[in-house]
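Here's the letter readout for the chains.
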Amino acid sequence: MVQGPALEALREACEAAIFRTVARKGHHRLSHAHWLRAKALGVFLPEAAPWLSVWTPRTAEADSTMFGERVAGEPMILMPTDQAHIEQCAERALASGRLHGATPVEPVDEFAGYAWYDELPRVLGWSFRVDQGEGDVFDYAADTQLSQVVVSGRVDAIELEIAVQASADSGEPAEILSLPADVLIIPDDCSNDLDNVTILLSADCAITPSELAYLLEAACFYHDDDCDADSYHTQQATFDMQARFAANMLLLGEDAAILERVREAIREHVSWLIPKDRAIRMQAVNYLVEASFADNDDGAALGAAE
């Protein structure tokens, strides 16, 4: 091939042939830039099919968005891309009611320019407002550096404040919506260690320990692929145990959290040593552990073992 007018004409002929093939299908998902290119080559296509994927909050270890089901033929609102812990907590607040009666969807920047896409309302940004009581109120968003020490626990109220623009071309100021939120997770910037994560719960938060543990994993856990780190499975199992302990501490209290962690450790590391259909009584004080087989006829002992 020699670069010249003939080669350029061949490229255009190939492009036009591709666009004509797309036109025969009757629908497409081409970017707006490609749609304009087809028009310039004399191939007039309809706009891209007007559907988008339902918005799914990203997780701390996800490299890209996990696309949900198609949304078409109903009101939609474009969501912003944010840090995982922000999206995970915002999703809980959004679950209480749809924004302007619209389904949150993933944006597709390449569609900007299509009339149907530009007419969609969109969330420009959001932040959390936390009321700790007695006039102590602060705002939190991605990359916020808190000027005060915040301790995990219950607060008077948490609100998700959302800036919504009516459309891409709207000249009106963004509308600020306020939705009640029940959980806010504030991680340290450089660690997924839960010792460095602040967990705030609203006064009326009814989240269960298992739900909170799952939320912490989605918002904060990421795999360390350093060669000196443990395997993915070991890292995830360790984080999962820490998340359940942190959730139990906040929601059930220290004693219940410690007892549950002991039960988990026994199930994971000790229970396989106990013969089937046998029961063992154990007592541990400091580092002294006593164990003895219980009478197999003792129904209470077997019931406790189960």
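Procedures and definitions
- Residues numbered from 1 in each chain as written.
- Predicted model: local features only at pLDDT ≥ 70, side-chain atom pairs only at ≥ 80, totals over all residues.
- Heavy atoms only, no water.
- Helix = DSSP H or I, 4+ residues; strand = E, 2+ residues; numbered from the N terminus.
- Rg over C-alpha atoms; globule rule 2.2 N^0.38 Å.
- Buried < 20%, exposed > 50% of the residue type's maximum accessible area, 1.4 Å probe, protein only.
- Contact = heavy atoms within 4.5 Å.
- Areas by Shrake-Rupley, 256 points an atom, 1.4 Å probe, with all protein chains shown as cover.
- Lys, Arg positive; Asp, Glu negative; His and termini not counted.
- Charge placed at Lys NZ, Arg CZ, Asp CG, Glu CD.
- Core = buried A, V, L, I, M, F, W, Y, C linked by side-chain atoms within 4.5 Å.
- Axes fitted to C-alpha atoms, helices over the stretch in contact; angles between N-to-C directions.
- Parallel < 35°, antiparallel > 145°, perpendicular 65-115°, else oblique.
- Left-handed = near helix turned anticlockwise from the far one by under 90°.
- Salt bridge = Lys/Arg side-chain N within 4 Å of Asp/Glu carboxyl O.
- Expected span 1.5 Å × (residues − 1).
- Pairing = 2+ DSSP bridges.

A. Main features of the overall build of the chain. In terms of regular secondary structure, the chain is built from 8 helices and 13 strands. A globule of 306 residues ought to have a C-alpha radius of gyration of about 19 Å, yet the chain, at 27 Å, is considerably larger. Taking all 306 residues of the chain together, 36% fall into the buried category. Counted over contacts in the chain with a minimum sequence separation of 6, partners at least 24 positions apart contribute 60%. When the accessible area of the chain is evaluated, it comes to approximately 18300 Å², of which 53% is carbon and sulfur surface. Computed over 21 positive and 52 negative side-chain charges, the inter-centroid distance for the chain is 11 Å.

B. Structural view of the nonpolar core. In this structure, Leu99, Trp126, Phe128, Ile162, Ile185, Leu200 and Leu212 are the most contacted members of the largest nonpolar core, which totals 48 residues. The greatest single-element share of this core, amounting to 6 residues, is contributed by helix α5 (residues 209-220). With sequence-adjacent residues up to four places away left out, leucine 99 is seen in contact with Ile77, Met79, Leu94, Val123, Ile162, Leu177 and Leu179.

C. Main features of the packing of helix α6 (residues 232-251) against helix α7 (residues 254-269). Where α6 meets α7, the closest approach of the two axes is 7 Å, and the angle between their N-to-C directions is 155°. By the criterion of interaxial angle, the relationship of α6 to α7 is roughly antiparallel. α6 and α7 meet at a crossing whose hand is right-handed. Counting all contacts with α6, which are made through Met241, Arg244, Phe245, Asn248 and Met249, the residues of α7 involved are Glu254, Ala257, Ile258, Glu260, Arg261 and Glu264.

D. Examining the pattern of salt bridges more closely. With the rule as written, the count across this model stands at 9 salt bridges. A salt bridge links glutamate 87 to arginine 58; the nearest nitrogen and oxygen atoms lie 3.2 Å apart. In this pair, glutamate 87 is assigned in helix α3 (residues 84-94) and arginine 58 in the loop between β1 (51-53) and β2 (70-72), connecting sequence segments 29 residues apart. For glutamate 87, a relative accessible area of 2% corresponds to the buried category. Between glutamate 260 and arginine 267 there is a salt bridge, with its nearest N and O atoms 3.1 Å apart. For arginine 267, a relative accessible area of 48% puts it in the partly exposed group. A network of salt bridges, in which partner residues are shared, links Asp240, Arg244 and Glu264.

E. The arrangement of α6 in detail. A rise of 1.5 Å per residue sets the reference length of α6, with its 20 residues, at 28 Å; its end C-alpha atoms lie 28 Å apart and thus fit the reference within 8%. Within the sequence span of α6, burial applies to Gln235, Phe239, Ala243, Ala246, Ala247, Asn248 and Leu251. Directly after α6, the chain includes glycine 253, whose backbone phi takes a positive value near 105°.

F. Here's a closer look at the sheet that holds strand β11 (residues 197-202). With respect to topology, 3 strands assemble into an open sheet ordered β7-β11-β10, the strand pairing being mixed. Each having just a single partner strand, β7 (153-155) and β10 (183-187) make up the two edges of the open sheet. Going across the sheet, the axis of each strand differs from the next one's by a mean of 30°, ignoring polarity. Relative to β11, β10 runs antiparallel, the two sharing 5 bridges. Bridged to isoleucine 185 within β11 is isoleucine 199. α5 rests against β10 and β11 of the sheet, and its axis sits at about 40° to β10.

By themselves these figures say nothing about function.
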